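# Structural description and commentary
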Amino acid sequence: MQAYLTVKKQGTTVINQKSKSFLIGFCGLMIRQWCQDTDTLNDTGGNSHSSGQGTGIFGCRTFAGYGLTRDHIDASNDMEADRCGIVIGSGTGMVAPDDYSLGTQIRSGEKAGTILYCGMVVYGLTIDAGTDQGSFKIMALFKNISGGSIDVKEVGLYMQGQRGAQSYPNVFGYCVLRDNITTVPLADGEFLEVEYTISIST
């Protein structure tokens, strides 16, 4: 399994690289769902949870905007647009296999220091019998409406490890990918697109 990262600013590709950063959270979620066993992981807030199989594991769909929204599947689950799916940050620390979050996440919003999370999609499932390879894409769009320039220096992917409201504000979110990138300065009014291509082959 491999991941490829593409970052576009105002529609122009500024980063195109192979991701090297599947994290322990990804392995832990595989144990929970694929092996039907219990595993202990730190969520994106650093809180330790011991859980087994459940609904919503590997879920990464998100919505746009900011503030609390009720999960449409579990009405007890308060979520925020920047707690799941592709996330962006300004941290510069080296990526380690046991990272459980971005170094310094840039939150969704309109005020200084925030960038509006405009939603995320999973699409483009492709299976090539000739090369025995399958892939799909996870893409998110962001817009800086903070009134000033913001530097994006890291990106990642947060996924759910279980449903439930008791761990708000992290909602059982786990960081499964994290990448340091060449700094992308995003001026007020500019758009950023981040896309991971997940590829599996034998």
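That block above? That's the structure.
Now for a look at the structure at hand. (Residues numbered from 1 in each chain as written. Predicted model: local features only at pLDDT ≥ 70, side-chain atom pairs only at ≥ 80, totals over all residues. Heavy atoms only, no water.)

### Quick word on the nonpolar core
Ranked by internal contacts, the top residues of the largest apolar core, which has 41 residues, are Ile-86, Ile-88, Phe-142, Leu-192 and Val-194. At the level of secondary structure, the elements contributing two or more residues to this core comprise β1 (2-9), α1 (24-34), β7 (85-89), β8 (116-128), β9 (133-143), β10 (150-160), β11 (173-186) and β12 (191-201). Ranked by residue count, the leading element in this core is β11, at 7 residues. Not counting chain neighbours up to four residues away, the residues in contact with Val-194 comprise Leu-5, Thr-6, Val-7, Ile-86, Ile-88, Ile-138, Met-139, Ala-140, Phe-142 and Val-155. (Core = buried A, V, L, I, M, F, W, Y, C linked by side-chain atoms within 4.5 Å. Buried < 20%, exposed > 50% of the residue type's maximum accessible area, 1.4 Å probe, protein only. Helix = DSSP H or I, 4+ residues; strand = E, 2+ residues; numbered from the N terminus. Contact = heavy atoms within 4.5 Å.)

### As for the sheet that holds β1
Pairing in this open sheet of 5 strands is antiparallel, and the strands run β2-β1-β12-β9-β8 from one edge to the other. Single-partner strands in this sheet number two, and they are β2 (12-19) and β8. Shown here is a sheet whose adjacent strand axes are inclined to one another by a mean of 15°, direction ignored. (Pairing = 2+ DSSP bridges. Axes fitted to C-alpha atoms, helices over the stretch in contact; angles between N-to-C directions.)

### Remarks on empty space enclosed by the protein
In this approach the atoms are scanned with a rolling probe the size of a water molecule, which exposes any empty space left behind. Evaluation of the coordinates by the stated rule reveals 1 cavity of 30 Å³ or more. Thr-62, Phe-63, Ala-81, Ile-86, Tyr-117, Cys-118, Gly-119, Met-120, Ala-140, Leu-141 and Phe-142 are the residues that line the largest cavity. Sorting the residues of the lining of the largest cavity by element identifies β8 and β9 as the ones contributing at least two each. With 4 residues, the single largest contributor to the lining of the largest cavity is β8. Classifying every residue of the lining of the largest cavity gives 9 nonpolar, 2 polar and no charged. (1 Å grid on protein atoms, 1.4 Å probe; cavity = no way out; pocket = protein on both sides within 12 Å on 5 of 7 lines; lining within 4 Å. Points joined across faces, edges and corners; volume = space filled by probe spheres on them. Nonpolar A, V, L, I, M, F, W, Y, C, P; charged D, E, K, R; others polar.)

### Remarks on the layout of surface pockets
Estimated volume of the largest pocket: approximately 170 Å³. Looking at the largest pocket, the residues that line it are Met-1, Phe-22, Phe-26, Trp-34, Phe-58, Phe-136, Ile-138, Leu-157, Met-159, Val-176, Leu-177 and Ile-198. Sorting the residues of the lining of the largest pocket by element identifies α1, β9, β10 and β11 as the ones contributing at least two each.

### What about the pairing of β2?
As paired elements, β1 and β2 share 7 bridges and run antiparallel to each other. Across the sheet, Lys-9 pairs through a bridge with Thr-12, a residue of β2. Linkage of β1 to β2, two consecutive antiparallel strands, is achieved through a turn of 2 residues, within which Gln-10 is found at a positive phi near 55°.

### Let's talk about the side chain of Arg-83
Of note, Arg-83 is situated in the loop between β6 (78-79) and β7. For Arg-83, the side chain forms a polar contact with the side chain of Glu-80, separated by 3.0 Å. (Polar contact = N/O pair within 3.5 Å; in protein donor to acceptor, adjacent residues only side chain to side chain.)

### Points about the sheet that holds β11
Taken in spatial order, the 3 strands of this open sheet run β7-β10-β11, and their pairing is antiparallel. Looking at the sheet topology across the chains shown, the edges are occupied by β7 and β11. Looking at each pair of strands side by side, their axes are set apart by 25° on average, direction ignored. Summarising the sheet, β7 and β10 pair through 5 bridges and their orientation is antiparallel. Across the sheet, residue Gly-85 finds its bridge partner in β10, namely Tyr-158.

Any functional reading would require information that these geometric values do not contain.
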